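Chain by chain, the residues:
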Amino acid sequence: MREHFDEMADQSRVNPMEAARRSARAVQRKRFYANAGVGETDSGFTVTLDGKPIKTPSGRTVIVPVRSLAETIAAEWNAQGEFIEPLTMPVTRFANSVLQGVVDNVAAVADDVAKYFESDLLFYRAGHPEGLVAREASHWDPVLFWAKDALGAHFMLAEGVMHVRQPETAVAVARAALPGDAWEIAALHVITTLTGSALLALALFHGVIDPDQAWAAAHVDEDWNAEKWGVDEEVAARRAAKLVDFNAVTAVLKALHQGG
């Protein structure tokens with residue numbers, strides 16, 4: 001079942017984090033600065049390298065909406081050694097992706113997230129064994145109940161992976177609950193593609209679940225199989241890499257909500 005949703009994520013038309021990953025695959029650069037710091041402008045906060053604001057690969061000055069995000073990015077730059085390792089800088093990569101691919105395409109990114117409401121991970125349930133059925137329900141049902149009660153989005157469930165068509169009204173009201181801010185919708189997009197669930201991302205954004213609950217809910221089937229058959233090292237390595245990006249964007253959301 002997970003492979004089905006991973007394939008959906010790979011085919012996504014607008015993927016901010018993937019755009020950032022691609023930009024990170026440049027030739028390795030030596031560290032060329034002594035210190036990173038934080039500056040302030042009328043429109044937000046900058047990150048400076050030896051006093052000069054950093055820019056995205058496309059040449060845009062990186063301006064973030066809250067100081068704590070700028071401080072986090074500066075800390076990533078200060079933590080670099082002799083060579084700059086972009087994959088160790090998830091918040092920097094996220095900021096680049098927002099500024100390069102999202103600020104001018106907020107509606108398109110929101111539409112891309114909303115596609116998951118038509119075939120969300122939470123809709124497709126195991127028929128057996130009973131323990132797995134119960135575990136999926138305990139992690140997923142509270143989110144579905146919240147969507148129904150708080151948003152008026154009543155989604156349909158299916159056993160297995162056979163596609164079930166969702167009510168257009170449910171998809172529409174869930175889409176309307178997505179944020180219109182570029183940084184927030186970019187974070188939800190990353191969470192959605194990492195978990196296979198826009199509903200988990202939306203519930204996390206609205207404070208219905210916390211990041212640990214969202215991550216656990218996204219891996220119910222995987223964890224069940226690991227308990228029964230043992231941990232697959234390759235799968236565990238991919239999951240660990242995804243968790244780095246997940247933790248980065250959930251930290252971004254927390255900073256945005258706190259406004260500090």
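Structure first, text after, so check above.
Fair warning: this is a prediction, and the values are worked out from it, not measured in the lab.

How each quantity is defined
Residues numbered from 1 in each chain as written. Predicted model: local features only at pLDDT ≥ 70, side-chain atom pairs only at ≥ 80, totals over all residues. Heavy atoms only, no water. Phe/Tyr/Trp six-rings, centres within 6.5 Å; stacked < 30°, edge-to-face > 60°. Helix = DSSP H or I, 4+ residues; strand = E, 2+ residues; numbered from the N terminus. Buried < 20%, exposed > 50% of the residue type's maximum accessible area, 1.4 Å probe, protein only. Contact = heavy atoms within 4.5 Å. Polar contact = N/O pair within 3.5 Å; in protein donor to acceptor, adjacent residues only side chain to side chain. Arc of directions from axis to C-beta. Core = buried A, V, L, I, M, F, W, Y, C linked by side-chain atoms within 4.5 Å.

Peer 1: For this particular structure, what's the right way to read the packing of aromatic side chains?
Peer 2: How two aromatic rings sit relative to each other is set out by the distance from centre to centre and by the angle between their planes. Using the criterion set out here, one finds seven aromatic pairs in the structure. A ring pair is formed by F117 and F155, whose centres lie 6.4 Å apart and whose planes are at 25°; its orientation type is stacked. Highlighted residues: F117 in the loop between helix 5 (106-114) and strand 7 (124-125) and F155 in the loop between helix 6 (130-151) and strand 8 (158-159), separated in sequence by 38 residues. With relative accessibility at 7%, the residue F155 sits in the buried group. An aromatic cluster is defined as three or more aromatic residues linked by ring pairs; in this entry it consists of F117, F123, Y124 and F155.

Peer 1: Looking at this model, I keep getting lost on unusual backbone geometry. Mind explaining?
Peer 2: Keep in mind that most residues, glycine aside, have a negative phi and that most peptide bonds are trans. Geometrically, the link from H128 to P129 is a cis peptide bond, its omega value of -10° lying close to zero. Structurally, P129 is set in the loop between strand 7 and helix 6.

Peer 1: Teacher, can you tell me more about the environment of S197 here?
Peer 2: By the element assignment, S197 lies in the loop between helix 8 (182-195) and helix 9 (198-205). Judged by its relative accessible area of 0%, S197 falls in the buried class. C-alpha of S197 to C-alpha of F117: the two residues are 80 residues apart in sequence and 7.9 Å apart in space. In this view, S197 contacts Y116, D120, L121, L122 and T192; residues no more than four positions away in its chain are not counted. Only 2.7 Å separates the side chain of S197 from the side chain of D120, close enough to count as a polar contact. One polar contact links the side chain of S197 to the main-chain amide nitrogen of L199, over a distance of 3.3 Å.

Peer 1: What is the right way to look at helix 11 (residues 220-229) in this model?
Peer 2: Note: α-helices contain 3.6 residues per turn, so residues at a spacing of three or four share the same orientation. Looking only at helix 11, the buried set comprises V220, D221 and W224. Taken around the axis of helix 11, the buried residues stretch over an arc of 95°, which confines them to a single face. Against helix 6 and helix 10 (211-218) lie the buried residues of helix 11. Residue G230 follows helix 11 closely and has a positive phi angle near 100°.

Peer 1: So what exactly am I meant to see when it comes to the nonpolar core here?
Peer 2: The nonpolar side chains of a soluble globular protein tend to be buried with one another. With 80 residues, the main nonpolar core has W77, F94, F117, F155, L178, I185 and L199 as its most contacted residues. Considering every element that reaches this core, the biggest residue donor is helix 8, with nine residues. Dropping the residues within four chain positions of it, L178 is found in contact with A110, V113, A114, F117, I185, L188 and L202.

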